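Residue strings, one per chain:
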Amino acid sequence: MNDTRPYRRLAALALATLPLLAGVGCAGSDSAPRSAPPATDQPAGADAPTVATEEAAPSPAAAVDPCALVSKAEAERLAGTALADAKPVQDSCTYSGPVTGPTAQVEVYVGDGAKKYLDIERDLGHELRPLSGVGDEAYATGEAVFVNKSGRWVTVRLVRLNDPAENRKPLETVARTVAGRL
């Protein structure tokens, strides 16, 4: 004959601990943590501590859609070939060339990533040509342009297997277009 008493004791112990576990709370629950002070109906007065409720300023990149800065048609003119539809990922947008070729890609970066790309180019000692009359500050390399307007950085990078000198004018044109949209 089977003795079920050990299982009954285990089940009773589990049931007895449920109320204790329910009071602990779980991450992600809607209840306030136990260490939070109780809410009061007392209005803030002279003797009540004041708490600043300043909202965090949105990042400059937050309001800009990278795919709206360079349209597919503009990316295709820059690349000199048909490109796939835009693939947005966070603060970037990529137009890729067809898998059958030619090799081509246009990448648009907005915000910290765009500025970091420029910083890396400087650290590597790559030639950066200033672009006058474009945004507040703008530079070009053989494969990319960097535009700053009102504290917002944008980088447009072109990947092609051609002489970079051929890309100079089209990159400068896209830099002016981007600056006008910021």
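Residues numbered from 1 in each chain as written. Predicted model: local features only at pLDDT ≥ 70, side-chain atom pairs only at ≥ 80, totals over all residues. Heavy atoms only, no water.

Could you give an account of the overall build of the protein chain, with specific residues and numbers?
Within the protein chain one finds 5 helices and 7 strands. The secondary structure elements of the protein chain, listed N-terminal to C-terminal, are α-α-α-β-β-β-α-β-β-β-β-α. (Helix = DSSP H or I, 4+ residues; strand = E, 2+ residues; numbered from the N terminus.)

Now, about the state of the cysteines: what can you tell me, with residues and values included?
Counting across every chain of the model gives 1 disulfide. A sulfur-sulfur distance of 2.1 Å marks the disulfide that ties Cys-67 to Cys-93. Every disulfide takes its handedness from the sign of the S-S torsion; for Cys-67 and Cys-93 that torsion is 105°, giving right-handed. Of this pair, Cys-67 sits in helix α2 (residues 66-69) while Cys-93 sits in strand β2 (residues 92-96), and the two are 26 residues apart along the sequence. Just as Cys-67 is buried, Cys-93 falls in that class too. (Disulfide = S-S within 2.5 Å. Buried < 20%, exposed > 50% of the residue type's maximum accessible area, 1.4 Å probe, protein only.)

Could you give an account of the environment of Ala-84, with specific residues and numbers?
Its location among the elements puts Ala-84 in the loop between α3 (72-79) and β1 (87-89). A residue is classified by how much of its surface remains accessible, and Ala-84, at 35% relative accessible area, is partly exposed. On a C-alpha basis, the gap between Ala-84 and Val-99 in space is 9.7 Å, while along the polypeptide they are 15 residues apart. Aside from chain neighbours lying at most four places away, what touches Ala-84 is Lys-72, Tyr-95 and Ser-96. (Contact = heavy atoms within 4.5 Å.)

Geometric descriptors of this kind do not, in isolation, establish any biological role.
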